[in-house]
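Structural features, examined
Residues per chain, in single letters:
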Amino acid sequence: MSVNARYTVDHPVFSSQVRAAGTYLSDWMDLFEFAEGVLYVDVTAIDPTASIDITAESSPDKAKAWTEASMPTITAVGQPDPLHLVNFGRYVRIKAVVAGGNATFSTKLVGKT
C-alpha cells in the first residue's frame, strides 16, 4: 500500500518590526518542491491613516516578476485571511507596500507539497 505524505515548510518573510511608508520586497524564495503555499500576515500596530497592500510575485528565473496573488488592503490590527498560492513559478517573493503612516507586521509563507 502506498501512502502519499505531505509536508510543510515555514519560510519567514518579514520579521515583526515598524515599517514606515514605502515598498518592501522580500528575498526570492526557491519553492520548486512545493505545489501550493499559504501566506500569513500578523499586524500588531498600524496608524489610523495607514494601509498595507501585500502581493505575492512569482518568477521562473528571478529576472522578471509578475503578480501571482494579492491580499485585500489591510487597515487594522489583526490577522487577515491568509493568501493562498497555487500554480506559481519556481521563485516567489513578497511585496508589501505601506502607505499613509507606519505599520508593524510580520509575514510567513508556508510551502506545502
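Residues numbered from 1 in each chain as written. Predicted model: local features only at pLDDT ≥ 70, side-chain atom pairs only at ≥ 80, totals over all residues. Heavy atoms only, no water.

**Remarks on the overall build of the protein**
Regarding its fold elements, the protein presents zero helices and nine strands. The helix and strand sequence of the protein, counted from the amino end, reads β-β-β-β-β-β-β-β-β. Taking 113 residues into account, the globule formula puts the C-alpha radius of gyration at 13 Å, and the protein, at 15 Å, falls close to it. Based on the C-alpha atoms only, the size of the protein along its principal axes is roughly 55 × 30 × 20 Å. Counting every position in the protein, which comprises 113 residues, the buried fraction comes to 39%. Surface accessibility of the protein: about 6300 Å² in total, with carbon and sulfur atoms responsible for 51%. Here the protein carries 9 positive and 12 negative side-chain charges, and the mean point of each set is 4 Å from the other. (Helix = DSSP H or I, 4+ residues; strand = E, 2+ residues; numbered from the N terminus. Rg over C-alpha atoms; globule rule 2.2 N^0.38 Å. Buried < 20%, exposed > 50% of the residue type's maximum accessible area, 1.4 Å probe, protein only. Areas by Shrake-Rupley, 256 points an atom, 1.4 Å probe, with all protein chains shown as cover. Lys, Arg positive; Asp, Glu negative; His and termini not counted. Charge placed at Lys NZ, Arg CZ, Asp CG, Glu CD.)

**Some words on the pairing of strand E7 (residues 83-86)**
The side-chain alternation of E7 yields one buried face, formed by Leu 83 and Leu 85, and one unburied face, formed by His 84 and Val 86. By the bridge criterion, four bridges tie strand E4 (residues 36-46) to E7 in an arrangement that is antiparallel. Bridged to Glu 36 within E7 is Val 86. (Pairing = 2+ DSSP bridges.)

**Some details on the confidence of the model for the protein**
Overall, the prediction assigns the protein a mean pLDDT of 92, with 95% of residues at 70 or greater. Ranking the helices and strands of the protein by mean pLDDT puts strand E2 (residues 22-25) first, with 98, and strand E1 (residues 8-19) last, with 91. (pLDDT = per-residue confidence, 0-100.)

**Digging into the nonpolar core**
In terms of nonpolar packing, the biggest core is built from 26 residues, with Ile 52, Ile 54, Leu 85, Ile 94, Phe 105 and Leu 109 touching the most fellow members. Mapped by element, the contributors of at least two residues to this core are E1, E4, strand E5 (51-59), E7, strand E8 (91-99) and strand E9 (103-112). Once you skip the residues sitting within four places of it in the chain, Phe 105 turns out to touch Phe 14, Ser 15, Ser 16, Gln 17, Arg 19, Asp 42, Val 43, Ile 52, Ile 54, Ala 96 and Val 98. (Core = buried A, V, L, I, M, F, W, Y, C linked by side-chain atoms within 4.5 Å. Contact = heavy atoms within 4.5 Å.)

**Side note on the sheet that holds E9**
The strand order across the open sheet built from four strands is E1-E9-E4-E7, with neighbouring strands paired in antiparallel fashion. In the strand order of this sheet, the two ends are held by E1 and E7, each with one partner. The mean inter-strand angle of the sheet, taken between neighbouring strand axes irrespective of direction, is 15 degrees. Bridge count between E1 and E9: nine bridges; the pairing is antiparallel. The residue of E9 that forms the bridge with Arg 19 is Ala 103. (Axes fitted to C-alpha atoms, helices over the stretch in contact; angles between N-to-C directions.)

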